[in-house]
Structures are given as C-alpha cells and as structure tokens.
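# An overview of the molecular structure
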Amino acid sequence: MDNQHKILISELTKLLLGGSAHASFQDAIKDLKPELRGVKPENTPYSIWQLVEHIRIAQWDMLQFCKDAEHKSPKWPDDYWPKESAPKDDGAWNGALKQINSDLDEFIELMEHSDIYQPLQHGDGQTILREALQIADHNSYHTAEIIVIRRLLKNWR
C-alpha cells in the first residue's frame, strides 16, 4: 500500500468513526437515559431506538454487500426500520450497539486490506470506497437526528 493510499484509508477511518467535524455516534448515545430510548418527541417520526436499529441494519447490509456476492439485502424500506419504538430490553439495546461497533471495525479492516477502487464483481459499479463514503454519510446523518431528539428531550449537554 503506497503512502497516499495509507493516508486515504486513515482519513476514511476517521470519517467512519466520526468526531472530527461533528459528534460521533458514540458521543450521541453516551449517557442516554434508558427510559428515553423509545420516546418519540412530538412531530418526530422516529425514536432513538429506531434510529440506532436503522443504523445497525443499514451498516450491516452495506458490509455484507461488500463481502458476499450472495448477500440479499433486506426489503427497502420496511425491513430497514424497526416497527417498535423501544428496544425490548437492555440486551437488545446493548446488542445493537455491539453489532454497530463490530461491523464498523470489520468494514474498516476490509477497507484496509482491499483495493477500494475496484468495482465489486457482484455489483453494478459500487466500490468499497463508495460504500465507505455511504456508511459515513448515512451514519452521520442519523447520528445528528439522535442528537436532535436528545435535545428535544432535554438530555443533551
């Protein structure tokens, strides 16, 4: 891997982890009161749980798409959004957070050991670079929504 490629991978990793130009996903969920996970403030379509679960599902789908030519994506949009506004228990919440983190780590490792410019053989022009940018964009968008909901619920710094 040449030096320019290493620099790009490093910058993409920072973008995926967040926190440089905006709050990270970890910042957004830190110290969230458990009783607020399923609350939908007035005139908002989602709860924090639904946003977290949506991030988990979409990120998992993008990772699997990059890894597995046989992967079948969930049905859009129905299977990307949970119907329930709150997790069934702390285990569901913690499991979602753990999977978000582990899938992101796995994607970063895949990115570090791949030709990120090469179109995926099973796609229609997608590359790992494109998927990295899409994950970063998608996650940061919904992370901002989590922070807005926390502000509406008066549970943000």
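In case you missed it, the structure is sitting above this.
Residues numbered from 1 in each chain as written. Predicted model: local features only at pLDDT ≥ 70, side-chain atom pairs only at ≥ 80, totals over all residues. Heavy atoms only, no water.

### What to know about the overall build of the protein chain
Tallying secondary structure elements over the protein chain gives five helices and zero strands in all. Listing the helices and strands of the protein chain from first to last along the sequence gives α-α-α-α-α. A compact globule built from 157 residues would reach a C-alpha radius of gyration of about 15 Å, and the protein chain, at 16 Å, matches this within 12%. The dimensions of the protein chain, computed from C-alpha atoms along their principal axes, are 50 × 35 × 25 Å. The buried share among the 157 residues of the protein chain stands at 43%. Excluding contacts between residues fewer than 6 apart, the proportion of contacts in the protein chain whose partners are at least 24 apart in sequence is 75%. With an accessible surface of roughly 9100 Å², the protein chain has 50% of that area assigned to carbon and sulfur atoms. Looking at charge distribution, the protein chain has the averaged site of its 18 positive side-chain charges lying 7 Å from that of its 25 negative ones. (Helix = DSSP H or I, 4+ residues; strand = E, 2+ residues; numbered from the N terminus. Rg over C-alpha atoms; globule rule 2.2 N^0.38 Å. Buried < 20%, exposed > 50% of the residue type's maximum accessible area, 1.4 Å probe, protein only. Contact = heavy atoms within 4.5 Å. Areas by Shrake-Rupley, 256 points an atom, 1.4 Å probe, with all protein chains shown as cover. Lys, Arg positive; Asp, Glu negative; His and termini not counted. Charge placed at Lys NZ, Arg CZ, Asp CG, Glu CD.)

### Quick look at the nonpolar core
Judged by nonpolar contacts, the single largest core of 39 residues is most densely connected at L16, F25, V52, W93, F107, M111 and I146. Mapped by element, the contributors of at least two residues to this core are α1 (3-17), α2 (25-29), α3 (48-67), α4 (90-112) and α5 (128-152). Here this core gets 11 residues from one element, more than from any other, and that element is α3. Those residues in contact with M111 that lie beyond four places of it in its chain are I9, L12, T13, L16, I116, I128 and A132. (Core = buried A, V, L, I, M, F, W, Y, C linked by side-chain atoms within 4.5 Å.)

### Describing the packing of α3 against α5
One can describe the packing of α3 onto α5 by two numbers: an axis separation of 10 Å at closest approach and a directional angle of 175°. As judged from the angle between their axes, α3 and α5 are roughly antiparallel. For the pair formed by α3 and α5, the contact residues are I48, L51, V52, H54, I55, A58, Q59, M62, F65 and C66 on the first element and I128, E131, Q134, I135, H138, N139, H142, T143, E145, I146, I149 and R150 on the second. In terms of residue class, the contact of α3 with α5 is made up of 12 nonpolar, seven polar and three charged. (Axes fitted to C-alpha atoms, helices over the stretch in contact; angles between N-to-C directions. Parallel < 35°, antiparallel > 145°, perpendicular 65-115°, else oblique. Nonpolar A, V, L, I, M, F, W, Y, C, P; charged D, E, K, R; others polar.)

### Side note on the pattern of salt bridges
Taken as a whole and assessed by the stated rule, the structure comprises six salt bridges. In this structure, K14 and E11 form a salt bridge, with 3.3 Å as the shortest nitrogen-oxygen distance. A residue pair is termed a helical-turn pair when its members lie 3 or 4 positions apart in one helix, as K14 and E11 do in helix α1 at three residues. A relative accessible area of 41% means that K14 is categorised as partly exposed. According to the relative accessible area criterion, E11 is partly exposed, its value standing at 42%. (Salt bridge = Lys/Arg side-chain N within 4 Å of Asp/Glu carboxyl O.)

### Some thoughts on α5
In this model α5 runs 36 Å from its N-terminal to its C-terminal C-alpha over 25 residues, within 8% of the 36 Å that 1.5 Å per residue would give. With its phi angle positive at about 55°, K154 sits one or two positions after the end of α5. (Expected span 1.5 Å × (residues − 1).)

By themselves, these figures tell us nothing about what the structure is for.
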